[in-house]
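# Architecture and fold: a report
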Amino acid sequence: MNIHWQNGLRRGLPWAGLLLLIAVIMLFRQLIEIYQAQVYRDSLQPHVLVERNLMDTNQTPQALFANAVFYDHQQKTEQALSQYAALVAKVAENDPLRKQAYFNSGNIYMRTAVRLLEERGLPAWDEAGPLVALAKESYQKALRIDPGWSEAKYNYHLALRLAPTTHGMSGPQQYEDEQLKAEDEPSGWPAMPGNPRGMP
């Protein structure tokens, strides 16, 4: 009986050690995630940059999001957009941060386009048009993740109102040119093809 118990103990000891090792690793990983979440929370309140620190916290999705918000508040749009792009590459398809990154990117594109148009008028359309198209694409990606998101729908429709004809045209100037051309074309009797018969 005693020998049987010792053999069972010898066989079970490696499994118990393995389970203990897995538990310690999981506990360590949870402690790291708690630390990273705390760094993220601390950086969101005062809008500070999450810089490289212990355990590479600046590369977590939450830190990338916090850094993008920081750069956006500093009006550094390129850095903010690159942080959002890095975040999108890191998280899963259904992650809430992913849809928020798309939404915020769309807002940055729209703000930049509107500012250009307000400052320079229609001549700035060559720069603003592609930004509006990128904003629409970002809102669409956010809506694919959450089709019921009312803020994203609203902003998407604002972008559509700003540039409803960007699918087949290069901008408002081409739209105006096509409208003038349509007005110059004859309508009614003279527009009919072939030789007219019966009427002078």
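Below, the structure is looked at part by part. All values derive from a computational prediction rather than experimental measurement.

A separate point is a nonpolar patch on the surface. A grouping of Trp15, Leu18, Leu19, Leu21, Ile22, Ile25 and Met26 is seen on the molecular surface, where their side chains present a nonpolar patch of about 760 Å² in accessible area. Along the chain, the position of Leu21 falls in helix 1 (residues 2–44). Take Leu21: its relative accessible area is 48%, and that puts it in the partly exposed class.

What follows covers the environment of Ala80. Counting through the fold element by element, Ala80 comes out in helix 3 (residues 77–90). Sequence-wise, Ala80 and Ile108 are 28 residues apart; in three dimensions their C-alpha atoms are separated by 8.6 Å. If near-sequence neighbours (up to four positions away) are discounted, Ala80 is found in contact with Ala68, Tyr71, Asp72 and Ile108.

Counting residues in hydrophobic clusters, the biggest one holds 36 residues, and the most contacted among them are Tyr84 and Leu87. Elements with a minimum of two residues in this core: helix 2 (61–73), helix 3, helix 4 (96–120), helix 5 (125–145) and helix 6 (150–162). In terms of residue count, helix 4 provides more of this core than any other element does, 10 residues in total. Excluding residues within four positions of it along the chain, Leu87 makes contact with Pro61, Leu64, Phe65, Leu97 and Ala101.

Scoring rules and cut-offs
Residues numbered from 1 in each chain as written. Predicted model: local features only at pLDDT ≥ 70, side-chain atom pairs only at ≥ 80, totals over all residues. Heavy atoms only, no water. Patch = residues over 30% accessible without salt bridge, like charges linked within 9 Å, V, L, I, M, F, W, Y side chains within 5 Å. Areas by Shrake-Rupley, 256 points an atom, 1.4 Å probe, with all protein chains shown as cover. Salt bridge = Lys/Arg side-chain N within 4 Å of Asp/Glu carboxyl O. Helix = DSSP H or I, 4+ residues; strand = E, 2+ residues; numbered from the N terminus. Buried < 20%, exposed > 50% of the residue type's maximum accessible area, 1.4 Å probe, protein only. Contact = heavy atoms within 4.5 Å. Core = buried A, V, L, I, M, F, W, Y, C linked by side-chain atoms within 4.5 Å.

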